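Breakdown of the fold
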Amino acid sequence: MILGNVILAVTSFVMFHVTHLLPEGALFIFFIVVACVYYLGYTCQCVVTKSAQSCLANDPKQRPLFVSFDAVYNTVLFAGLAIVAANLAASYESVGGYTSTEFFHTMWLFTAIASGVCTVLAVIAISPKDRSEFFGTGKPIKVGLKDYWDTLKNNRAIQMLVLSASTDKLASSAKTGAVNVAMFACIAGSTLLQGNVTALTTIPTCIATFLAISLLATRLGQKKAMVIGSVGGIITNLALGALWLFGDPTTMTSNPATGAFHWGYFLILHLVLTIIQGGFQGISGNIVIPMTAGLVFAACGFTDHNPVMGDVATPQLRLGVVFLAYGIIILGLICNLIAMKFYPLTKEKMAELQNEIVAIKERTMAENQA
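Heads up: these notes are all about the structure in this document. (Residues numbered from 1 in each chain as written. Predicted model: local features only at pLDDT ≥ 70, side-chain atom pairs only at ≥ 80, totals over all residues. Heavy atoms only, no water.)

Counting secondary structure elements, the protein contains 13 helices and two strands. When the 370 residues of the protein are sorted by exposure, 37% land in the buried category. Carbon and sulfur atoms provide 72% of the accessible area of the protein, an area that totals close to 19900 Å². (Helix = DSSP H or I, 4+ residues; strand = E, 2+ residues; numbered from the N terminus. Buried < 20%, exposed > 50% of the residue type's maximum accessible area, 1.4 Å probe, protein only. Areas by Shrake-Rupley, 256 points an atom, 1.4 Å probe, with all protein chains shown as cover.)

By size, the foremost hydrophobic cluster in this structure holds 27 residues, and its most contacted members are Met183, Phe184, Val197, Trp244, Met252, Val321 and Tyr326. Where this core is concerned, the elements lending two or more residues are helix H7 (177-187), helix H8 (191-220), helix H9 (222-246), helix H10 (265-286) and helix H12 (315-341). The element best represented in this core is H12, accounting for seven residues. In this view, Met252 contacts Phe184, Leu193, Val197, Trp244, Ala260, Phe261, His262, Phe266, Leu267 and His270; residues no more than four positions away in its chain are not counted. If you look at the next biggest cluster of nonpolar residues, it comprises ten residues, including Leu88, Phe103, Met107 and Val181. (Core = buried A, V, L, I, M, F, W, Y, C linked by side-chain atoms within 4.5 Å. Contact = heavy atoms within 4.5 Å.)

Attention now moves to the packing of aromatic side chains. One pass over the full model with this rule turns up ten aromatic pairs. Taking 5.0 Å as the distance between ring centres and 70° as the angle between the ring planes, the aromatic pair formed by Phe13 and Trp108 counts as edge-to-face. Taken together, the residues span a long stretch of sequence, with Phe13 in helix H1 (residues 2-17) and Trp108 in helix H4 (residues 101-126) at a distance of 95 residues. Judged by its relative accessible area of 17%, Trp108 is buried. (Phe/Tyr/Trp six-rings, centres within 6.5 Å; stacked < 30°, edge-to-face > 60°.)

Moving on, we get to a nonpolar patch on the surface. A contiguous nonpolar patch, built from Leu109, Ile113, Val117, Val120, Leu121 and Ile124 and spanning about 560 Å² of accessible area, is present on the exposed surface. With respect to the helices and strands, Ile124 occurs in helix H4. A relative accessible area of 53% places Ile124 in the exposed class. (Patch = residues over 30% accessible without salt bridge, like charges linked within 9 Å, V, L, I, M, F, W, Y side chains within 5 Å. Salt bridge = Lys/Arg side-chain N within 4 Å of Asp/Glu carboxyl O.)

Mapped onto the elements, Ala82 comes out in helix H3 (residues 63-91). The class for Ala82 is buried, based on a relative accessible area of 14%. For the pair Ala82 and Val197, spaced 115 residues apart in the sequence, the C-alpha separation amounts to 9.8 Å. Ala82 has contacts with Gln194 and Thr198, leaving out every residue within four places of it along the chain.

Where H1 contacts H4, the two axes come as close as 10 Å, and the packing angle between them is 180°. Here H1 is positioned roughly antiparallel relative to H4, judged by the angle of their axes. Residue-level inspection shows Ile2, Asn5, Ala9, Ser12, Phe13, Phe16 and His17 of H1 in contact with H4, the latter providing Phe104, His105, Trp108, Ser115, Gly116, Thr119 and Val123. Of the residues in the contact of H1 with H4, the class split is seven nonpolar, seven polar and no charged. (Axes fitted to C-alpha atoms, helices over the stretch in contact; angles between N-to-C directions. Parallel < 35°, antiparallel > 145°, perpendicular 65-115°, else oblique. Nonpolar A, V, L, I, M, F, W, Y, C, P; charged D, E, K, R; others polar.)

Function cannot be inferred from these measures alone, as they are strictly geometric.
This is how it looks when you write it as structure tokens:
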């Protein structure tokens, strides 16, 4: 986790502080190379952080609580970043707002510090269980690349989780900051509207996510909770997509300069559906490329810049933004349903496995004491 965080901080610093200073011909290759190293750091930190949660408790009823807190933390974090980013961009409006180097330099500093603090907290949290007796069966086992391949090739549960998690990750990463800017600043007509809407929906979304995961995952098991979350997510994302395609987003604000709310049908429906969608998305997204947005924007006619406030909100742009914001998520949720159809670990099976693991650890401890 520490190594990954250091790699993330260093490579992201290089991305946002060095890339634009290079000759035009070297920009693309340089950025791709640095991005590859960045994602190695991302894998080091994020995969280990997620997998480490399973070390904290073996109780099937306790594990969904980690998902609940994780979902709430993520909701608060990204909502807070959206508010900070919108206001920061507004303060740099005279030098380009979201497209200015000043904006990216400040956001990097803020994110690097916050990420470092969170990494320290994660290390503190896992340290009491970072002992050999808590590793797997309690007996050290040497694992090689062949073992990883055999597990991936023959374990249906792992295969389905990889399908589910990878499509969810692609879906969530498609709705980048650039997509949100296009939605609110360009289509709805106000840069600050995004931060105001996010601030209003954050707490209700956290509550909906926490309740949904706690009630469904702990009572029905993670597999059934994933199915319910995916179906609910598909329905609400379809509704949000239809709202942004056929409604009038410009009615959300009475003053584009401040992002003040106009309480019409569009704003009310958007807020309600966003909160409900957040609850369902919290189940499906937490129980388990930025380049995408650039390609779609280019197909919509924005070949030299991302859509910002003042650009014409063409029908093609609205369709592209809705696809990135809600369409790809729907595709990811459909993949979840397909994966869960073949996922063998039901609530009852998980309880059986946990009992077997406890028995194995008890035998191992007895052998070690003998």
